[in-house]
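The residues making up each chain are set out below.
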Amino acid sequence: QISLMEYGGGSVQAGGSLRLSCVASGYVYCMAWFRQAAGKQREALATIAGPHTITYVDSVRGRFSLSRDDDKDTLYLQLNDLKPEDTAVYYCAAAPFGGGCSTGRSFNYWGQGTQVTVSS
C-alpha cells in the first residue's frame, strides 16, 4: 500500500556528515528511522508524528536531525559528526494514524535500507 525507498548512504570519514532521504509513495502520519549494525539488533533512532512531534533516542540526540517534507512525501535524517560506531544499514519505517508513534510500536511499512559506513 505504501512503499518506502531510502537513499543517501555512503562512505565517509569520522566527523563527516550525510543526509539520508526516505521517499514514500504517499503521506503517512508516523514515520521513523532505524539502523542495524552488522551482528547487532535493529536500533530505533527517531520518530516524527504528524508535522512537529519529533523524538530522538539518547544515542543520537544532538548529532542527528529528523525532518519531513510533506509536499514531497519525503523523510530526512541529517547525520552529523559521524563516528565509526554509526556504521550500519539505516532503515525508514512508517505507520498510519492510530496506535501512537513511538519507536516501540509496530510499523506497517519498511524500506530496504541504505548503507552508511564511517571510517576512522
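Quick caveat: nothing in here was measured; it's all calculated off a predicted structure.

All right, on to the overall build of the protein chain then. The secondary structure content of the protein chain amounts to zero helices and eleven strands. Starting at the N terminus, the α and β elements of the protein chain follow one another as β-β-β-β-β-β-β-β-β-β-β. Relative to a compact globule of 120 residues, whose C-alpha radius of gyration would be 14 Å, the protein chain shows 13 Å and is just as compact. With respect to the principal axes defined by its C-alpha atoms, the protein chain has extents near 40 × 25 × 25 Å. Counting across all 120 residues of the protein chain, residues that qualify as buried make up 44%. Looking at the protein chain alone, contacts between residues at least 24 apart form 58% of all its contacts between residues at least 6 apart. Of the roughly 6200 Å² of accessible surface on the protein chain, a fraction of 47% belongs to carbon and sulfur atoms. Mean positive and mean negative side-chain charge positions of the protein chain (10 and 10 charges, respectively) differ by 4 Å.

For the rest of this paragraph, the subject is unusual backbone geometry. Peptide bonds are trans in most cases, and residues, glycine excluded, mostly fall at negative phi. Despite not being glycine, D73 shows a phi value in the positive range, around 50°. Along the chain, the position of D73 falls in the loop between β7 (64–69) and β8 (74–79).

To continue, consider the sheet that holds β8. In a beta sheet, neighbouring strands are held together by backbone hydrogen bonds and run either parallel or antiparallel to one another. Pairing within the open sheet is antiparallel, and its four strands lie in the order β1-β3-β8-β7. Here the strands that pair on one side only, and so sit at the sheet edges, are β1 (4–7) and β7. Averaged over all adjacent pairs, the angle separating strand axes in this sheet is 15°, with direction ignored. In this structure, strand β3 (residues 18–24) lies alongside β8, joined through six bridges in antiparallel fashion. Residue pairing for β8: L18 is matched across the bridge by L79.

What follows is about the nonpolar core. Counting residues in each nonpolar core, the largest one holds 29 residues, and the members touching the most others are L4, M31, W33, L77, L79 and Y90. Elements represented by at least two residues in this core include exactly β3, β4 (30–36), β5 (43–49), β7, β8, β9 (88–95) and β11 (114–119). Setting aside chain neighbours within four positions, we find L79 in contact with G16, S17, L18, L20, R63, F64, Y90 and V116. Membership of the second largest hydrophobic core comes to ten residues, among which are A32, A44, A49 and A95.

So, about the packing of aromatic side chains. Here the structure, examined in full by the defined rule, presents four aromatic pairs. Aromatic side chains Y29 and F97 sit 4.9 Å apart centroid to centroid with 85° between the ring planes, which places their arrangement in the edge-to-face category. With Y29 in the loop between β3 and β4 and F97 in the loop between β9 and β10 (109–110), the pair connects residues that are 68 residues apart, well separated along the chain. Here the aromatic rings of F34 and F107 are separated by 5.5 Å at their centres, their planes lie at 80°, and the arrangement is edge-to-face.

Conventions used here
- Residues numbered from 1 in each chain as written.
- Predicted model: local features only at pLDDT ≥ 70, side-chain atom pairs only at ≥ 80, totals over all residues.
- Heavy atoms only, no water.
- Helix = DSSP H or I, 4+ residues; strand = E, 2+ residues; numbered from the N terminus.
- Rg over C-alpha atoms; globule rule 2.2 N^0.38 Å.
- Buried < 20%, exposed > 50% of the residue type's maximum accessible area, 1.4 Å probe, protein only.
- Contact = heavy atoms within 4.5 Å.
- Areas by Shrake-Rupley, 256 points an atom, 1.4 Å probe, with all protein chains shown as cover.
- Lys, Arg positive; Asp, Glu negative; His and termini not counted.
- Charge placed at Lys NZ, Arg CZ, Asp CG, Glu CD.
- Pairing = 2+ DSSP bridges.
- Axes fitted to C-alpha atoms, helices over the stretch in contact; angles between N-to-C directions.
- Core = buried A, V, L, I, M, F, W, Y, C linked by side-chain atoms within 4.5 Å.
- Phe/Tyr/Trp six-rings, centres within 6.5 Å; stacked < 30°, edge-to-face > 60°.

Everything listed here is a matter of geometry and, on its own, says nothing about what the molecule does.
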